[in-house]
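Architecture and fold: a report
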Amino acid sequence: TTEIYTLSLHDALPICNTFAGLADDAGRAGDAIRIWSSPGVVVSGNTIRDGRDVLLSYSRDVAIVGNRVTGGRYCLHDMYSPRLFAASNVFERCAIGMNLMYADAPVVRRNTFRHNRGAAGYGLGLEGTTRARIEQNAFVDNHVGLWVADSTVGSDNRIAHNAIASNGAGFAAPVVIAGTALTA
(Lines give C-alpha, C1' and ligand atoms only; values in the text may rest on other atoms or scores of the structure.)
Protein backbone atom coordinates (compact mmCIF):
# COMPACT_ATOMS: atom_id res chain seq x y z
CA THR A 1 0.00 0.00 0.00
CA THR A 2 1.19 3.48 -0.81
CA GLU A 3 0.58 5.80 2.12
CA ILE A 4 0.94 9.42 3.08
CA TYR A 5 1.16 10.12 6.80
CA THR A 6 1.28 13.67 8.14
CA LEU A 7 1.97 14.44 11.78
CA SER A 8 1.91 18.06 12.90
CA LEU A 9 2.52 19.20 9.35
CA HIS A 10 0.88 22.46 8.29
CA ASP A 11 -0.60 23.12 4.86
CA ALA A 12 0.47 19.89 3.11
CA LEU A 13 -0.94 19.37 -0.40
CA PRO A 14 -1.37 15.74 -1.60
CA ILE A 15 -2.78 16.55 -5.05
CA CYS A 16 -3.45 14.39 -8.15
CA ASN A 17 -1.96 11.10 -6.89
CA THR A 18 -3.11 7.51 -7.24
CA PHE A 19 -3.09 5.31 -4.14
CA ALA A 20 -3.68 1.56 -4.56
CA GLY A 21 -3.98 -0.92 -1.71
CA LEU A 22 -4.73 -4.63 -1.45
CA ALA A 23 -7.86 -5.35 -3.46
CA ASP A 24 -10.55 -7.23 -1.51
CA ASP A 25 -8.58 -7.14 1.76
CA ALA A 26 -9.19 -3.78 3.47
CA GLY A 27 -8.43 -5.40 6.84
CA ARG A 28 -4.79 -5.98 5.85
CA ALA A 29 -4.38 -2.90 3.71
CA GLY A 30 -2.86 0.14 5.37
CA ASP A 31 -4.47 3.56 5.47
CA ALA A 32 -4.06 5.33 2.14
CA ILE A 33 -3.76 8.74 3.79
CA ARG A 34 -3.44 9.45 7.50
CA ILE A 35 -3.56 13.07 8.68
CA TRP A 36 -2.90 13.64 12.38
CA SER A 37 -2.70 17.01 14.12
CA SER A 38 -1.98 18.73 10.81
CA PRO A 39 -4.00 21.92 10.16
CA GLY A 40 -4.72 23.36 6.74
CA VAL A 41 -4.01 20.21 4.70
CA VAL A 42 -5.60 20.08 1.22
CA VAL A 43 -6.24 16.64 -0.33
CA SER A 44 -7.41 17.20 -3.90
CA GLY A 45 -7.84 15.33 -7.18
CA ASN A 46 -6.60 11.96 -5.92
CA THR A 47 -7.73 8.46 -6.85
CA ILE A 48 -7.66 6.21 -3.80
CA ARG A 49 -8.65 2.55 -4.05
CA ASP A 50 -8.53 -0.49 -1.83
CA GLY A 51 -6.81 1.14 1.15
CA ARG A 52 -8.17 0.71 4.65
CA ASP A 53 -9.11 4.36 5.37
CA VAL A 54 -8.44 7.95 4.56
CA LEU A 55 -8.05 8.93 8.21
CA LEU A 56 -8.19 12.46 9.57
CA SER A 57 -7.72 13.17 13.31
CA TYR A 58 -7.32 16.33 15.39
CA SER A 59 -6.67 18.44 12.29
CA ARG A 60 -8.49 21.72 11.76
CA ASP A 61 -9.36 23.45 8.49
CA VAL A 62 -8.64 20.46 6.24
CA ALA A 63 -10.09 20.42 2.69
CA ILE A 64 -10.90 17.13 0.95
CA VAL A 65 -11.92 18.15 -2.58
CA GLY A 66 -12.44 16.34 -5.88
CA ASN A 67 -11.17 12.90 -4.84
CA ARG A 68 -12.46 9.45 -5.79
CA VAL A 69 -12.20 6.90 -2.96
CA THR A 70 -13.29 3.29 -3.57
CA GLY A 71 -13.05 -0.17 -2.08
CA GLY A 72 -11.85 0.51 1.47
CA ARG A 73 -13.22 0.21 4.97
CA TYR A 74 -13.97 3.91 5.59
CA CYS A 75 -13.63 6.03 2.47
CA LEU A 76 -13.08 8.99 4.85
CA HIS A 77 -12.92 8.66 8.64
CA ASP A 78 -12.67 11.89 10.64
CA MET A 79 -12.28 12.21 14.41
CA TYR A 80 -12.19 15.49 16.36
CA SER A 81 -11.30 17.75 13.42
CA PRO A 82 -12.95 21.19 13.38
CA ARG A 83 -14.02 22.90 10.17
CA LEU A 84 -13.49 20.04 7.72
CA PHE A 85 -14.50 20.99 4.18
CA ALA A 86 -15.37 18.01 1.93
CA ALA A 87 -16.70 18.82 -1.54
CA SER A 88 -17.12 17.22 -4.95
CA ASN A 89 -15.77 13.81 -3.89
CA VAL A 90 -17.01 10.35 -4.82
CA PHE A 91 -17.06 7.86 -1.93
CA GLU A 92 -18.08 4.40 -3.13
CA ARG A 93 -17.85 0.66 -2.49
CA CYS A 94 -16.55 1.05 1.07
CA ALA A 95 -18.09 -0.37 4.22
CA ILE A 96 -18.75 3.27 5.21
CA GLY A 97 -18.50 6.25 2.86
CA MET A 98 -17.69 9.00 5.38
CA ASN A 99 -17.85 9.01 9.16
CA LEU A 100 -17.53 12.24 11.13
CA MET A 101 -16.95 11.65 14.84
CA TYR A 102 -17.16 14.60 17.24
CA ALA A 103 -16.45 17.06 14.46
CA ASP A 104 -17.34 20.73 14.82
CA ALA A 105 -18.62 22.80 11.90
CA PRO A 106 -17.88 20.41 9.02
CA VAL A 107 -19.18 21.33 5.57
CA VAL A 108 -20.01 18.34 3.35
CA ARG A 109 -21.22 19.57 -0.02
CA ARG A 110 -21.79 18.15 -3.54
CA ASN A 111 -20.36 14.70 -2.78
CA THR A 112 -21.59 11.37 -4.09
CA PHE A 113 -21.98 8.49 -1.63
CA ARG A 114 -22.86 5.26 -3.43
CA HIS A 115 -22.67 1.49 -3.01
CA ASN A 116 -21.37 1.70 0.59
CA ARG A 117 -22.72 -1.57 1.90
CA GLY A 118 -20.85 -2.88 4.95
CA ALA A 119 -22.82 -4.76 7.62
CA ALA A 120 -23.39 -1.48 9.46
CA GLY A 121 -22.57 0.55 6.39
CA TYR A 122 -23.85 3.94 5.48
CA GLY A 123 -23.04 6.69 3.03
CA LEU A 124 -22.42 9.39 5.64
CA GLY A 125 -22.44 9.07 9.42
CA LEU A 126 -22.50 11.91 11.91
CA GLU A 127 -21.63 10.91 15.46
CA GLY A 128 -21.62 13.59 18.15
CA THR A 129 -21.10 16.20 15.45
CA THR A 130 -22.08 19.85 15.91
CA ARG A 131 -22.84 22.70 13.50
CA ALA A 132 -22.57 20.42 10.44
CA ARG A 133 -23.74 21.61 7.04
CA ILE A 134 -24.63 18.62 4.85
CA GLU A 135 -25.84 20.03 1.53
CA GLN A 136 -26.38 19.05 -2.11
CA ASN A 137 -25.00 15.51 -1.76
CA ALA A 138 -26.23 12.35 -3.48
CA PHE A 139 -26.81 9.23 -1.35
CA VAL A 140 -27.49 6.29 -3.69
CA ASP A 141 -27.55 2.52 -3.08
CA ASN A 142 -26.01 2.52 0.39
CA HIS A 143 -27.04 0.20 3.22
CA VAL A 144 -28.18 3.43 4.97
CA GLY A 145 -27.84 6.74 3.14
CA LEU A 146 -27.38 9.07 6.11
CA TRP A 147 -26.88 8.00 9.74
CA VAL A 148 -26.96 10.46 12.68
CA ALA A 149 -26.22 9.49 16.30
CA ASP A 150 -25.48 11.28 19.56
CA SER A 151 -26.77 14.59 18.26
CA THR A 152 -28.14 16.63 21.14
CA VAL A 153 -30.23 19.73 21.62
CA GLY A 154 -28.24 22.71 20.42
CA SER A 155 -26.01 20.74 18.04
CA ASP A 156 -27.29 22.96 15.19
CA ASN A 157 -26.71 20.44 12.39
CA ARG A 158 -28.32 21.28 9.05
CA ILE A 159 -29.02 18.62 6.45
CA ALA A 160 -30.54 20.22 3.35
CA HIS A 161 -31.07 19.77 -0.40
CA ASN A 162 -29.61 16.27 -0.68
CA ALA A 163 -30.73 13.53 -3.08
CA ILE A 164 -31.41 10.27 -1.23
CA ALA A 165 -32.44 7.31 -3.42
CA SER A 166 -32.36 3.50 -3.60
CA ASN A 167 -30.75 2.95 -0.18
CA GLY A 168 -31.70 0.14 2.22
CA ALA A 169 -32.84 3.02 4.46
CA GLY A 170 -32.51 6.65 3.46
CA PHE A 171 -32.01 8.03 6.97
CA ALA A 172 -31.38 6.39 10.35
CA ALA A 173 -31.11 8.01 13.77
CA PRO A 174 -30.62 5.48 16.57
CA VAL A 175 -30.61 8.24 19.23
CA VAL A 176 -32.84 11.30 19.64
CA ILE A 177 -31.59 14.05 17.33
CA ALA A 178 -33.26 17.19 18.61
CA GLY A 179 -31.30 20.11 17.24
CA THR A 180 -30.77 18.67 13.77
CA ALA A 181 -32.73 20.38 11.00
CA LEU A 182 -33.69 18.21 8.04
CA THR A 183 -34.86 19.93 4.87
CA ALA A 184 -36.02 18.33 1.64
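Above: the structure in question.
Rules used in this analysis
Residues numbered from 1 in each chain as written. Predicted model: local features only at pLDDT ≥ 70, side-chain atom pairs only at ≥ 80, totals over all residues. Heavy atoms only, no water. Disulfide = S-S within 2.5 Å. Helix = DSSP H or I, 4+ residues; strand = E, 2+ residues; numbered from the N terminus. Buried < 20%, exposed > 50% of the residue type's maximum accessible area, 1.4 Å probe, protein only. Contact = heavy atoms within 4.5 Å. Polar contact = N/O pair within 3.5 Å; in protein donor to acceptor, adjacent residues only side chain to side chain.

Turning our attention to the state of the cysteines. Under the counting rule described, the total for this entry stands at one disulfide. Here C75 pairs with C94 through a disulfide, and the sulfurs are 2.3 Å apart. In this structure, the disulfide formed by C75 and C94 twists by about 100 degrees around the S-S bond and is classed as right-handed. Taken together, the residues span a long stretch of sequence, with C75 in strand β9 (residues 74-79) and C94 in the loop between β11 (90-92) and β12 (96-101) at a distance of 19 residues. The burial state of C75 is the same as that of C94; both residues are buried.

With that settled, consider unusual backbone geometry. Unlike most non-glycine residues, S37 shows phi in positive territory, near 50 degrees. Tracing the sequence through the fold places S37 in the loop between β3 (33-36) and β4 (42-44).

Note on placement: E92 falls in strand β11. A residue is classified by how much of its surface remains accessible, and E92, at 8% relative accessible area, is buried. A C-alpha to C-alpha distance of 4.9 Å links E92 and T70, two positions 22 residues apart in sequence. Among all residues touching E92, those that are not within four sequence positions of it are R68, V69, T70, G71, C75, R114, H115 and N116.

Attention now goes to the side chain of D53. On the secondary structure map, D53 appears in strand β6 (residues 53-57). A polar atom in the side chain of D53 sits 2.4 Å from the side chain of R73. One polar contact links the side chain of D53 to the main-chain amide nitrogen of Y74, over a distance of 3.1 Å. Those residues in contact with D53 that sit more than four places away from it in its chain are D31, A32, I33, R73, Y74, C75 and H77.

Read these as layout, nothing more, since geometry by itself doesn't imply function.
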